[in-house]
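Per-entry structural report
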Amino acid sequence: MIFNPAEENEYQAVRGLLVHRFEQWARENGIDADPFVVEAALDYRHLGTPDGRLGLWDQPHIEEFLLDWLPWTVTVLPDEEPADAPGTLRCLLRYLDDVHLADPRGASLPEVLEAVDAAAPRYAKAMADRSLWGLAKFWITTAAEQGVDVHDEQALQDFVGRAQGGEVPYDPEVLQTIVERHRRSSGPVRSEPQLPVALPGDDVLREQAGRSPVLRQLRELAAWAGRDRRTLTGSGRLRLSDARELVERLNTGDDTDSVRSSADLPRLNLLVEWAKTARLIRVAKGRLYAVAKAEPVLNDPLALWRRAFDAFPELPSPVRRGRGGRYGESVLFVEYDMCDVVLPDVLATLYSLPYPMPWPGLRDSVHLAYRSSSLLEVFATDSIGFEQVDDDLRTVLGVLEDLGAIECHQGMADPVFADLAMSENDLEGWAGIPTEGDDDLETPSGTLPGMPTGLAGLLNDALPDEILSGDALSGDALLRDAQLDDEDTQRARKLKSELSSGPVELIRLTDLGTDSVRRRLLAEGRDAPLIGELAQASPAGLLGVLADHYDPESARVELAAWIAVHGDRTAALEQLVHAVRTMPFRTRAEAMLDVLVSSLDDGELLLRSLRSDSWLAPTALSLLARREILTPEDLTEPESLLMVAESLLQLCEATGADGVREVLRQQGREAEEALRAALASGHPDREGLADLQALAERVPRERKAHVGLVQQRGHRENGRRGGRRRR
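Residues numbered from 1 in each chain as written. Predicted model: local features only at pLDDT ≥ 70, side-chain atom pairs only at ≥ 80, totals over all residues. Heavy atoms only, no water.

Some remarks on the overall build of the protein chain
Broken down by element type, the protein chain carries 35 helices and 8 strands. Residue burial in the protein chain is summarised as follows: out of 727 residues, 48% are buried. Restricting to contacts in the protein chain with at least 6 residues of sequence separation, those with at least 24 account for 73%. With the model as given, the accessible surface of the protein chain reaches about 35400 Å², and the carbon-plus-sulfur share is 48%. (Helix = DSSP H or I, 4+ residues; strand = E, 2+ residues; numbered from the N terminus. Buried < 20%, exposed > 50% of the residue type's maximum accessible area, 1.4 Å probe, protein only. Contact = heavy atoms within 4.5 Å. Areas by Shrake-Rupley, 256 points an atom, 1.4 Å probe, with all protein chains shown as cover.)

Here we look at a positive patch on the surface
Residues Arg229, Arg282, Lys285 and Arg287 make up a contiguous surface patch of positive charge. Mapped onto the secondary structure, Lys285 falls in the loop between β2 (281-284) and β3 (287-290). According to the relative accessible area criterion, Lys285 is exposed, its value standing at 84%. (Patch = residues over 30% accessible without salt bridge, like charges linked within 9 Å, V, L, I, M, F, W, Y side chains within 5 Å. Salt bridge = Lys/Arg side-chain N within 4 Å of Asp/Glu carboxyl O. Lys, Arg positive; Asp, Glu negative; His and termini not counted. Charge placed at Lys NZ, Arg CZ, Asp CG, Glu CD.)

Remarks on the packing of helix α3 (residues 59-73) against helix α4 (residues 85-98)
Interhelical geometry of α3 versus α4 gives an angle of 140° and a closest axis separation of 11 Å. The two elements α3 and α4 meet at a crossing, and its hand is right-handed. Contacts between α3 and α4 involve Ile62, Phe65, Leu66 and Leu70 on the former and, on the latter, Ala85, Pro86, Leu89 and Leu93. The residue inventory of the contact of α3 with α4, partitioned by class, reads 8 nonpolar, no polar and no charged. (Axes fitted to C-alpha atoms, helices over the stretch in contact; angles between N-to-C directions. Left-handed = near helix turned anticlockwise from the far one by under 90°. Nonpolar A, V, L, I, M, F, W, Y, C, P; charged D, E, K, R; others polar.)

Describing the nonpolar core
With 85 residues, the main nonpolar core has Trp57, Phe65, Leu66, Leu70, Leu89 and Leu596 as its most contacted residues. Considering every element that reaches this core, the biggest residue donor is helix α1 (residues 8-28), with 8 residues. (Core = buried A, V, L, I, M, F, W, Y, C linked by side-chain atoms within 4.5 Å.)

Notes on the side chain of Gln24
Checked against the element boundaries, Gln24 lands in helix α1. Discounting residues that sit within four places of it in the chain, Gln24 has contacts with Glu687 and Asp691.

Remarks on the side chain of Gln650
By the element assignment, Gln650 lies in helix α33 (residues 637-667). Side chain to side chain, Gln650 and Arg626 meet in a polar contact 3.5 Å long. Apart from residues lying up to four places away in sequence, Gln650 is in contact with Arg586, Thr587, Glu590, Ser622 and Arg626. (Polar contact = N/O pair within 3.5 Å; in protein donor to acceptor, adjacent residues only side chain to side chain.)

Notes on the pattern of salt bridges
Under the definition given, this model contains 37 salt bridges. Residue Glu407 pairs with Arg508 through a salt bridge whose shortest N-O separation is 2.7 Å. Of this pair, Glu407 sits in strand β7 (residues 406-411) while Arg508 sits in strand β8 (residues 504-509), and the two are 101 residues apart along the sequence. For the salt bridge of Arg626 with Glu590, the shortest nitrogen-to-oxygen distance reads 2.4 Å. On the criterion of sequence distance, the pair formed by Arg626 in helix α32 (residues 617-626) and Glu590 in helix α30 (residues 586-598) is long-range, its members being 36 residues apart. By relative accessible area, which is 7% here, Glu590 ends up buried. Each of Arg45, Asp51, Arg53, Asp103, Arg105 and Asp527 takes part in a single network of salt bridges with overlapping partners.

Focus on the sheet that holds β8
Think of a sheet as strands paired side by side through backbone hydrogen bonds, with each pair either parallel or antiparallel. Spatially, the 3 strands line up as an open sheet ordered β6-β8-β7, and their pairing is antiparallel. Each end of this open sheet is capped by a strand with a single partner; those strands are β6 (357-358) and β7. Two strands pair when backbone bridges link them, and β6 and β8 are joined in this way by 2 bridges, in the antiparallel orientation. Bridging across to β8, Pro358 finds its partner in Leu506. (Pairing = 2+ DSSP bridges.)

Considerations on the sheet that holds β2
Spatially, β1-β3-β2 is the arrangement adopted by the 3 strands of the open sheet, whose pairing is antiparallel. The sheet is open, and its two edges are formed by β1 (230-231) and β2, each paired on a single side. Note: β2 against β3, 4 bridges, orientation antiparallel. The residue of β3 that forms the bridge with Val283 is Leu288. Sheet contacts for helix α11 (residues 213-225): β1, β2 and β3; angle to β3, the most-contacted strand, approximately 120°.

Focus: the environment of Ser501
Within the fold, Ser501 resides in the loop between α25 (474-500) and β8. In this structure Ser501 comes out as exposed when scored by relative accessible area, which is 62%. Each C-alpha atom, one on Ser501 and one on Met412, is 8.7 Å from the other, the two residues being 89 residues apart in sequence.

Concerning the packing of α1 against α33
One way to put it is that α1 packs onto α33 with a least axis distance of 7 Å and a crossing angle of 90°. Relative to α33, the element α1 is oriented roughly perpendicular. Of α33, the residues touching α1 (which contributes Glu10, Ala13, Val14, Leu17 and Arg21) are Glu653, Ala654, Thr655 and Gly656. Here the residues of the contact of α1 with α33 sort into 4 nonpolar, 2 polar and 3 charged. (Parallel < 35°, antiparallel > 145°, perpendicular 65-115°, else oblique.)

Thoughts on unusual backbone geometry
In this model, His100 sits at a positive phi of 65°, which is unusual for a non-glycine residue. We classify His100 as partly exposed; its relative accessible area is 35%. Even without a glycine there, the phi angle at Arg279 is positive, about 60°. In this structure, Arg279 sits in the loop between α13 (266-277) and β2.

Some details on the packing of aromatic side chains
Taken as a whole, this structure holds 14 aromatic pairs when the rule is applied. A ring pair is formed by Phe3 and Tyr11, whose centres lie 6.0 Å apart and whose planes are at 70°; its orientation type is edge-to-face. Since its relative accessible area comes to 13%, Phe3 is described here as buried. Judged by its relative accessible area of 0%, Tyr11 falls in the buried class. Judged by centre distance (6.3 Å) and plane angle (90°), the rings of Phe138 and Tyr170 are edge-to-face. Placement of the pair is Phe138 in helix α7 (residues 135-145) and Tyr170 in the loop between α8 (153-164) and α9 (172-184), with a sequence separation of 32 residues. (Phe/Tyr/Trp six-rings, centres within 6.5 Å; stacked < 30°, edge-to-face > 60°.)

Focus on helix α28 (residues 552-565)
In an α-helix, one turn spans 3.6 residues, which is why side chains three or four residues apart end up on the same side. In this model α28 runs 20 Å from its N-terminal to its C-terminal C-alpha over 14 residues, within 8% of the 20 Å that 1.5 Å per residue would give. Inspection of α28 places Ser554, Ala555, Glu558, Leu559, Trp562 and Ile563 among the buried residues, and these make up the whole buried set. Summarising the axial view, the buried residues of α28 lie within an arc of 165°, below the 170-degree limit, and thus occupy one face. Of the residues in α28, the exposed ones pointing more than 90 degrees away from the buried face are Glu553 and Ala564. Buried residues along α28 sit against α27 (539-549), α29 (569-581) and α30. (Expected span 1.5 Å × (residues − 1). Arc of directions from axis to C-beta.)

Right, dumping it as structure tokens:
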């Protein structure tokens, strides 16, 4: 389960449905749970984590939710008892597993329950730790502790006035800690979804790593340093004689003829710094020596390769260029933060691409991101040219190629890149620039829904301007946008011509590079599917992940691998169909069936056979109609009624009860007739029909109340829609 940040209405509807069904499940199992904590847990995964997967929970998620998110966002007034959040979270995790919504790539149910038990003893202390609170929670609690009725708007406004006038006592150190925390944390931004990748086993990766020129150099360098240690100069550099020996031994390509110091040998210095950062060698008391504990890593090519790759972003600039006889730092590193911005973006851009990335497209994406940055004024003066940035980027890519992380060759760019070149939004997406349709969400800053305006003003007084303003330099932003708009057409045409006119350099990640980028993405909490990782997943878990995260071709491969592992194809398919049959959520059941039949060569035959299935008929009919295999004329009368019921049940899940009521109010008698038909259809989802029955009973009363209200107000409110009530 995952929702794009722009799908907020859809998320709210599904969250309401999940909480409603969870409450029913808890009552049936005699469990006392707090639905507000369930809402908070779903909000945390949707808003507070990079991947947004509602059904995937691991130990870090559990600890962060209980010990950070809840203390920050949930206010407990002095006369209230905090909810049993650990207990309710245990119940939610059991519920997700019970209704087959748990992502199989997360921890198992016993593992997550154990993680809750481990974090639970620290929960009360974390909730009471004021330094972990958000600003809104701090001020609301302070007001309540001083006898202010925080539910009284006027009383709260009076408190705000006194606080702004310096008349309210509070702990300034705690407030400063909270403000600093806001300053340091911009909150997680939803990461872009990645396509599934296929990787060989570790044995193949180890063999590939053994062919890396950089690994040979690092191993030789560690062997040269040895345990006897090599004496360094007073400034901590290699002696020139040793440096010349190493240049030849490692074949670095550095020119040693006219140098007076080892500092003037950039590639050798890069390797020395790389070996230090990877903890292969170290300096102590003016001597360089090999780290004894690194010997197992040095003897394992794959372990050494991964350590070298992980160390690369932490290195000082591998780009050193001559300026007036001296070596200066790279613009790409110093001015534009190569390690923290460019390199991760470049690697993420190359990751899971179905085609090699053409150099002109990669180059222009960096240019575009650079132009959009706060350094626009630097480029406006032409004091720094893009040519130097291009040279620096090529140097970095060359080092990664020597390591074995990327491969470069000449060839024609796939036509898709030329098409993308004419799309401003797509090009900006390459560069990591949010486009108009993007809604990157950050962790709540402390402002809560429905917060009184006065309290919001108090938060504004507490927070620095740069935190409160989404774009503090609005004039600069307008200038930036104008300049980008002026250059768009010319840039896009030039890029398309370059991509279409002849061979260009094509760049792609190797298996080793893909493996290590994926490991990094996973460490950052991002979703990075791997073909084959679902071989042991449950049938429902498999189909759920395929529906949410896999492209059609990858889904076909993953499903075929799953069926092969589970032996007899007929029995495996029956397990998968049974998983759809037992899924209690209509929209998810259809998505699961859709991906199943789409991934089978005989999928349409399977789908047609389910038309007569007593439980799956509505889902199968809905899919047959969506695929235009069946028309309304092909349906029998009972099937038509099932289709009506299925449509209303899916509408209820997608928009919530409020959405269905709105449709019924707007369409009047016609919608009521459809509702009655659905209730009489014999649809197998009795729980869903019960919800529709409750709606059918409420709508006439609501319509009468609505008409009476309109008459009292002289029709001034006619047509006005009600807002969504927060649970």
